[in-house]
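A structural walkthrough
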Amino acid sequence: MDKELKNFLPEQYLSDNEYPINHNYLEAQFSDKEEILKKISELVSRGDFTLGAAVDDFEKSFADLIGTKFGIGVGSGTDAIFLSLKSLGVGPGDEVITSPFTFYATIGAIVTAGAMPVFCDIGSDLNINPDKIENLINEKTKAIVPVHWAGKPCNMSRINSIATRYNLFIVEDACHAIGSSINNKRAGSFGDTGCFSFHPLKNLNVWGDGGIICTDNPQLARDLKLLRNHGLINRNECQIFGYNSRLDTIQAIIAKHMLGKLSFINESRRANAKFLDEKLQDLDEVTLVNGDVVNVTHSYHIYPQLFERRDELKEYLNSIGVDAKIHYPIPMHLQKAAKIWGYKRGDFPVAELAADKTLSLPVHEFITKPSLDRIVEGVTQFYRQ
Ligand SMILES: *Cc1c(COP(=O)(O)O)cnc(C)c1O
């Protein structure tokens, strides 16, 4: 029998804090928590706990930010993807094309919807390679789920034109990409739906789980509002049997508060990333992950680049107090959970290479200039040895 599964997340947050230059910045992020607690305290007095005014208000503000007509708050980013597919009628017997270089949730959401994920290798920007999508399309293909990895937008003009040609839906996994854009059009506004997460480690974060779906389609918006709330049109009438995946009202209050800080968060991350780009670009052992799409605004949810002798570098950086992290060492097609589909090493060489060489350096909004200097010094030092 398998060992009992521990709740490993709390442990992970604690161990992240061991590094002076870390990926975890939550204490600083919520240093004004009293303000938020006051708003929550007002909510408790009102007793407006589920889908209250705070949810409406946040949904509207968030949709305005992304530039879509509707925002539907849900329980998590995973549910945002799953409910999007469900509302589009994607389910058993259908195939959904996506990246093997993503977080587990992208694939979990497709599987939960009952559909079959079909992996498409990534390009040198770590995003799904549009050149390789068409070969995978057959009569079962219903949707593409592009993932804007690290916050760098996928090539949406190419992906949109493929989707139009083959009549496929697009559900954007924009969980890394709050505030990213192409030619000032926001990630999450290109597809039939755009899906976002407010997990504590995302750029716009809350005190637990939360997510939202953005769309311009009024019918989808209506269906999604039904699906997330038991299919109810009112207290006594159920139109379709659905789910319970609402954005918590408490989390909506926190999310709305954080929305006011998003420019600061993203601009700081961009400046930090730019600094590191400049300092690392001349090192032969480092490959900066650049995209082929121009006029892109990146939100640097993470700052992953490709490094020679990655594991040794990581160990070295950790030893000097820099919390360099791997997002993620095993691509989806090589996960235990994917065994049933029969993929093997070699199937997606670019994703596999990325998994072997990727390392994320901290660039969050509270990193100081001396810390950035220390990171650069560490990397440079390592390759000089
Ligand atoms: C975080 C994340 C999700 C899921 O978000 P949750 O809110 O944690 O469910 C989905 N896709 C990607 C790429 C993510 O990073």
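None of these values were measured; they are calculated from a predicted model. (Residues numbered from 1 in each chain as written. Predicted model: local features only at pLDDT ≥ 70, side-chain atom pairs only at ≥ 80, totals over all residues. Heavy atoms only, no water.)

**Details of the pairing of strand β1 (residues 70-74)**
A regular strand places its side chains on the two faces of the sheet in alternate fashion. Operational definition: Relative accessible area decides the class of each residue, using a 1.4 Å probe on protein chains only: under 20% of the type maximum gives buried, over 50% gives exposed, and in between gives partly exposed. Helix and strand labels come from DSSP, where a helix needs a run of H or I of at least four residues and a strand needs a run of E of at least two; each type is numbered from the N terminus. Pairing between two strands requires that DSSP report at least two bridges joining them.
Within β1, four of the five residues are buried, leaving the element largely enclosed by the surrounding structure. As paired strands, β1 and strand β9 (residues 211-215) are joined by five bridges and run antiparallel to one another. What sits directly across from G73, in β9, is I212.

**A short note on the site of the ligand**
Rules: Whether a residue is near a molecule or strand is decided by its heavy atoms; if any one of them lies within 4 Å of it, the residue is near. In protein, a polar contact means a hydrogen-donor-capable atom and an acceptor-capable atom, both N or O and within 3.5 Å, with residues adjacent in sequence counting only if both atoms are side-chain atoms; elsewhere, any N or O pair within 3.5 Å suffices. Per-residue and other accessible areas were derived by the Shrake-Rupley procedure at a 1.4 Å probe size, with only the shown protein chains allowed to occlude residues. In this analysis a 1.4 Å probe is tested at points of a 1 Å grid over the protein atoms alone, and where it fits but cannot get out there is a cavity; an open set with protein on both sides within 12 Å along at least five of seven lines is a pocket; lining residues have an atom within 4 Å of a point. Should more than half of a molecule's atoms lie within 2 Å of a pocket's or cavity's grid points, that molecule is taken to sit in it. Under the grouping applied here, Gly and all other residues not named as nonpolar or charged are polar, the nonpolar ones being Ala, Val, Leu, Ile, Met, Phe, Trp, Tyr, Cys and Pro and the charged ones Asp, Glu, Lys and Arg.
The full set close to the ligand counts 15 residues, and T78, D173, H176, S197 and K202 are the nearest of them. Contact between the ligand and T78: an oxygen atom at 2.5 Å from a side-chain N or O atom of the residue. K202 places a side-chain nitrogen or oxygen 3.2 Å from an oxygen atom of the ligand. In the complex, the protein chains occlude 93% of the 380 Å² of accessible area that the ligand would expose alone. Because more than half of its atoms lie within 2 Å of the grid, the ligand is assigned to the largest pocket. Elements represented by at least two residues in the shell around the ligand include exactly α5 (77-87) and α6 (104-112). Taken together, the residues that form the shell around the ligand break down as four nonpolar, nine polar and two charged.

**Considerations on the packing of aromatic side chains**
To be explicit about the condition: Two rings from Phe, Tyr or Trp (for Trp, the six-membered ring) form a pair when their centres sit within 6.5 Å of each other. Planes less than 30 degrees apart are called stacked, planes more than 60 degrees apart edge-to-face, and all others tilted. The rule for a charge over a ring is simple: NZ of Lys or CZ of Arg within 6 Å of the ring centre, and within 35 degrees of the ring normal.
Tallied over the entire structure, the rule returns 20 aromatic pairs. On the numbers, 6.0 Å between centres and 55 degrees between planes, the contact of F264 with F366 is tilted. Of the two residues, F264 sits in helix α10 (residues 262-280) while F366 sits in the loop between β15 (358-360) and α13 (369-384), which places them 102 residues apart along the sequence. Here F264 falls in the partly exposed class, since its relative accessible area comes to 41%. Since its relative accessible area comes to 30%, F366 is described here as partly exposed. What links up through ring pairs into an aromatic cluster is the set F101, F103, Y104, W149 and Y328. Positioned above the aromatic ring of F190, the side-chain terminus of K185 is 5.0 Å from the ring centre. Between K202 and the ring centre of F103, over which it is positioned, the NZ or CZ distance is 5.9 Å.

**Structural notes on the pattern of salt bridges**
Rule in force here: One side-chain nitrogen of Lys or Arg within 4 Å of one carboxyl oxygen of Asp or Glu is enough to make a salt bridge.
The full count for this structure, using the stated rule, is 18 salt bridges. Of the charged contacts in the structure, one is a salt bridge between K256 and D57, with a shortest N-O distance of 3.3 Å. Pair noted here: K256 is in helix α9 (residues 249-259) and D57 is in helix α4 (residues 53-66), with a separation of 199 residues, a long-range link. A relative accessible area of 32% means that K256 is categorised as partly exposed. For D57, a relative accessible area of 38% gives the class partly exposed.

**Notes on the layout of surface pockets**
Under the convention used in this document: Grid points are joined across faces, edges and corners, and a volume is the space filled by probe spheres set on the points.
When its volume is computed, the largest pocket comes out at roughly 1,200 Å³. What lines the largest pocket is a set of 48 residues, among which Q12, F103, L201, H327 and Y328 lie closest to the centre. Ranked by the residues each element gives to the lining of the largest pocket, the list is headed by helix α1 (residues 8-16), at six residues. Across the lining of the largest pocket, the residue classes tally to 23 nonpolar, 17 polar and eight charged.

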